[in-house]
Amino acid sequence: MSAAPFLSVRGLGVHYRDGRRRVAALHDVDFDLALGGRLALVGESGSGKSTLALAIAGLLPENASITGTISFPSLGAAPRPGRDLGVVFQDPGGSLNPVLSIGDQIAEIVVVHRGVSWRAARSIAAELLDRVRIPQAQARLHGFPHEFSGGQRQRIAMAAALAGEPRLLIADEPTSALDTVVQRELVLLLDELVRERGLTLLFVTHDIALASELADEVAVLLGGRMVEHGPIGSVFAAPAHAYTRALLETRLDLDTPLSARLLESDGQTFTVRRPSEMSNG
Amino acid sequence: MKILRAMILTGEGAAGLGVLTCLVLAALTAPLFFPGDPLAIVGPPLVSPFSDTAYPLGTDRLGRSVTVELIYGARTTLLVAITSAATALGIGALVGTLAGFFGGIVDEVLMRITEAFQTIPAFLLSLAFISVTGPAIPTIVLAIALGAWPQPARIARAEVLSLRERDFVAAARVVGMHPLEIAVREILLNALTPVVSLAAVIVAAAVLIEAALSFLGLGDPNRVTWGSMIAEGRTVLRGAPFLSIVPGLALVVTVLAVHLTGRGFVAAIGARRIEA
Amino acid sequence: MDRAPVLEVSDLRKSFTHRGRTTIALRGVHLAIGHRETLALAGPSGSGKTTLARCILRLIDPDTGGLRFNGIDLAALRGAQLRAVRPRIQMVFQDPMAAFNPRATVARIVEDPLRVHDLVPRAERRAAVRDLLARVSLPVDIADRRPHEISGGQRQRVAIARAIATRPDLIVLDEPVSSLDVSVRAQILNLLMDLQAETGVAYLLISHDLAVVRAVARRVAVMDAGRIVESGEASQVLAAPQSPATLAMVQAVPRLKTVA
């Protein structure tokens, strides 16, 4: 591939200062993401996946210190939040201002980043809401976030993230707080939006099946390090790291062979075993 | 306690606690270093401060040592401020918890009473109460508490209303705990944290109200307080302003120290929440 | 099933009125759970699963309908009589952090049911707590820690220890593994199945995760809009869903693609 990557991360480390202690959240992370690529960051709590996504979005808290580099070769300068990248967070509505109408919030983003008039911005906002399938978008412009369901709020958040016409969309566990049926709708919508706008997508999830449906590349994080990275099909067909293998072998889905006890993986060695009945798990 | 340690780590908490500790120590050891009646005449009147080592802060119109009066005044001030704040917090926390926990008619009645007290300015309420009962330490404490209890009551009630819906309260019910035990052990003790951060504000206000009451001559006449010292100094304000300024400064420093301690407490609690 | 059902729910109805608007949460629910059985309750959010669980636990009162537990009319009990039955029905909550008094230690959390119902003399309580912690594979020194100092998986084990302390006949498991890391889920589910095999306790498992339902429950009841729309053997219902609600849920489960 001779084209420069859209996103290039080299030797990235992140530490949080907590009183006198330094807590390391990420060590030595290296990877590239091509324009139009879709990368899933998979891991469990404490793996550093959210930290990595937030670092790329430029949203780390004040007590965090970064080593290494995050560069966007094609942008030439540091990415402008809202304009070059959009972010969708886990908590539906947590990213929406509760005292402003959704129309105002989205229109404001459009006005600031696309420099159009408020009137034009409002009609763009209505179009966006319609695109994310909020019914009666024009009328609902005046609605407030608390009047919508969790799934709808997340769709509004997506509209807001895309309002500035960014090139990169970062989604941090966007569906974890929603039930399965609503999650499916959201994932399909995300897939459509990314495809039709040619966006580059970086999303964080703990669900490897979800990752395989939405992404074409996957990076597995464990204890702040990237232990595996590659095209999602090959990584899941033939994982290199024991942790990835354990994740795959112990996962539960509707086709898992039924048995009296489930497969467990050891927290240190990631060896997978099935405890016998009547043994304490 | 971990909270204490965390408080000291914040600059504000350390400064506040430091000053308050000195104050408390001075107040407690007053009879040791300065035995006898603080209102006894010890020297010539109106000696300037820092001019005579026998009277480091000078003497007042009647020749009483300002230093001695100041330290004994600290005793009264701290006693009244802390007791009245504790009383206000106690009444407020109880009323607020009962209102929040039982809801319905109990809540309505208690809240109307709370509002009634809140609509009257605290100082006027204290003034009116003292005028009727006469000035003495216990009545002064009560007078100040009467004006201060509605605020902790509201905060306690708000906390209880939110805690009532939490899963761990439901868990306590599922375990089969008696409602009274749930009210005290699960809810009340957890509701206290924001109420306690109010303590600093109430103590500071109590210090000032007590000083104001004394200034107006409604304090306990047998005790020297900073307010009474300021009142005494009023008549010679032109010639010997230090008589009012010194106790005034003491008030400023105390109230500041209480506020800083309060802020240190709030910061320490907040920091622990993030840590968790 | 040759024993009488542990729990029998018949035509349970519940509605909520808020500011003049009435929402019907339960429209006549029927179900039964037997000894040593796991019945899963699945359904989209808003279907009434949580309301049903809260009615069964008598955290809220149903409007009408039958609620029989071990033959007793559970809906009719009040006050001290209700508290006397509580040791027989316990619950494990979804978010273990929220389910504990933030100021309590693990020892106190696990000891509470023993103390409240006076099941163990005071002198023996410390030992009883130790036994319970060991039963859920927790190290003994965890007893003096507080909930925020231990991991999510450990917290859920503490919640399970508290739930089994009184040797209940029925435990309501409300999304017991949804807030846990994927790698920890299997251990917790295996623990629950071990406990069931040992003690014969019945479980009402509430879960929106159909894979968990299929792995752990023998029977499943699918709820939609306050009613049970489908029920039967879990593996069968999920393999060949009949109702639209079940079908939507089954189709919504993400599937792992291993081909690039």
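Residues numbered from 1 in each chain as written. Chains lettered and ligands numbered in written order. Predicted model: local features only at pLDDT ≥ 70, side-chain atom pairs only at ≥ 80, totals over all residues.

## Observations concerning the overall build of chain C
Stage number 1. When helices and strands are counted, chain C shows nine helices and 10 strands.
Stage number 2. For chain C, whose C-alpha radius of gyration is 19 Å, the value lies close to the compact-globule estimate of 18 Å for 260 residues.
Stage number 3. Seen through its principal axes, chain C has C-alpha atoms that stretch 55 × 55 × 45 Å.
Stage number 4. The buried share of chain C, taken over its 260 residues, is 48%.
Stage number 5. Within chain C, contacts between residues at least 6 apart in sequence are counted, and of these 67% link residues at least 24 apart. (Helix = DSSP H or I, 4+ residues; strand = E, 2+ residues; numbered from the N terminus. Rg over C-alpha atoms; globule rule 2.2 N^0.38 Å. Buried ≥ 20, exposed ≤ 12 C-beta atoms within 10 Å, placed from the backbone. Contact = placed C-beta atoms within 7 Å.)

## Here's the deal with the confidence of the model for chain B
All names here are of chain B.
Stage number 1. With 96% of its residues at a pLDDT of 70 or more, chain B has an overall mean of 84.
Stage number 2. Within chain B, the lowest mean pLDDT, 71, falls on helix α1 (residues 2-9), and the highest, 93, falls on helix α4 (residues 104-119).
Stage number 3. The model gives residues 272-276 a pLDDT under 50, and that stretch makes three contacts with residues more than four places away or in other chains. (pLDDT = per-residue confidence, 0-100.)

## Some thoughts on the nonpolar core
Stage number 1. A206 of chain B together with L204 of chain C are the most contacted members of the largest nonpolar core, which has 238 residues in total.
Stage number 2. Among the elements that line this core, the one with the most residues is helix α3 (residues 66-102) of chain B, at 16 residues. (Core = buried A, V, L, I, M, F, W, Y, C linked by C-beta atoms within 7 Å.)

## Quick notes on the packing of helix α8 (residues 167-175) of chain B against helix α9 (residues 179-197) of chain B
All names here are of chain B.
Stage number 1. Look at α8 against α9: their axes get within 10 Å of each other, and the N-to-C directions meet at 150 degrees. In terms of orientation, α8 and α9 fall into the roughly antiparallel class. When the axes of α8 and α9 are compared, the crossing they make is right-handed. Contacts between α8 and α9 involve F168, V169, A172 and R173 from the former and I182, E186 and I187 from the latter.
Stage number 2. Grouping the constituent residues of the contact of α8 with α9 by class yields five nonpolar, no polar and two charged. (Axes fitted to C-alpha atoms, helices over the stretch in contact; angles between N-to-C directions. Parallel < 35°, antiparallel > 145°, perpendicular 65-115°, else oblique. Left-handed = near helix turned anticlockwise from the far one by under 90°. Nonpolar A, V, L, I, M, F, W, Y, C, P; charged D, E, K, R; others polar.)

## Focus on the interface of chain C and chain A
Stage number 1. Tallying the contact residues gives 34 residues for chain C and 37 residues for chain A.
Stage number 2. If you list the elements that add at least two residues to the side of chain C that touches chain A, you get α6 (182-199), α7 (210-216), α8 (234-239) and α9 (244-252) of chain C.
Stage number 3. At 10 residues, the largest contribution of residues to the side of chain C that touches chain A is made by α6 of chain C.
Stage number 4. In the side of chain C that touches chain A, the residues fall into 21 nonpolar, eight polar and five charged.

## Some remarks on the interface of chain C and chain B
By a frequent convention, interface size equals the accessible area lost on bringing the separate parts together.
Stage number 1. Across the boundary between the two partners, chain C contributes 20 residues, which contact 14 residues of chain B.
Stage number 2. Sorting the residues of the side of chain C that touches chain B by element identifies β6 (89-92) and α3 (106-116) of chain C as the ones contributing at least two each.
Stage number 3. Each residue belonging to the side of chain C that touches chain B can be placed in one class, and the counts come to 11 nonpolar, four polar and five charged.

## A look at the pairing of strand β6 (residues 168-172) of chain A
Residues and elements named next belong to chain A.
Stage number 1. Burial within β6 is extensive, with five of its five residues counted as buried.
Stage number 2. Alternating residues of β6 divide into L168, I170 and D172 and L169 and A171, and every residue in both groups is buried.
Stage number 3. Taken together, the four bridges between strand β5 (residues 85-88) and β6 define a ladder with parallel strand orientation. By the bridge assignment, G86 is partnered in β6 with L169.
Stage number 4. Examined bridge by bridge, β6 and strand β7 (residues 200-205) share five bridges and lie parallel to one another. Residue pairing across strands places A171 opposite F203, the latter belonging to β7.
Stage number 5. Where the polypeptide runs from β6 across helix α6 (residues 180-197) and back to β7, its parallel neighbour, the crossover connection is right-handed. (Pairing = 2+ DSSP bridges. Right-handed = clockwise from strand over helix to strand, strands pointing away.)

## Description of the environment of L60 of chain A
All names here are of chain A.
Stage number 1. You can see L60 is positioned in the loop between α1 (49-57) and β4 (64-71).
Stage number 2. Take L60: there are 16 C-beta atoms within 10 Å of it, and that puts it in the partly exposed class.
Stage number 3. Taking the C-alpha atoms as reference, L60 lies 9.8 Å from S50; in sequence the two are 10 residues apart.
Stage number 4. Other than its neighbours up to four places away in sequence, L60 contacts V14, L54 and A55.

## A short note on the sheet that holds strand β1 (residues 7-18) of chain A
All names here are of chain A.
Stage number 1. Taking strand neighbours across the sheet as the criterion, the three strands line up as β2-β1-β4 in an open arrangement whose pairing is antiparallel. Each of the sheet's edge strands pairs with one partner strand only, and the pair in question is β2 (21-33) and β4. Direction aside, the axes of adjacent strands within the sheet are offset by 5 degrees on average.
Stage number 2. Alignment of β1 against β4, held across seven bridges, turns out to be antiparallel. When the bridges of β4 are listed, G13 appears paired with T67.

## Observations regarding unusual backbone geometry
Stage number 1. Its identity as a non-glycine residue notwithstanding, F270 of chain A has a phi of 60 degrees, on the positive side.
Stage number 2. Along the chain, the position of F270 of chain A falls in the loop between β10 (264-265) and β11 (272-273).
Stage number 3. Backbone geometry places N70 of chain C, a non-glycine residue, at a positive phi of 50 degrees.
Stage number 4. With respect to the secondary-structure elements, N70 of chain C resides in the loop between β4 (64-69) and β5 (72-73).
Stage number 5. What makes N70 of chain C partly exposed here is the crowd of 16 C-beta atoms within 10 Å.

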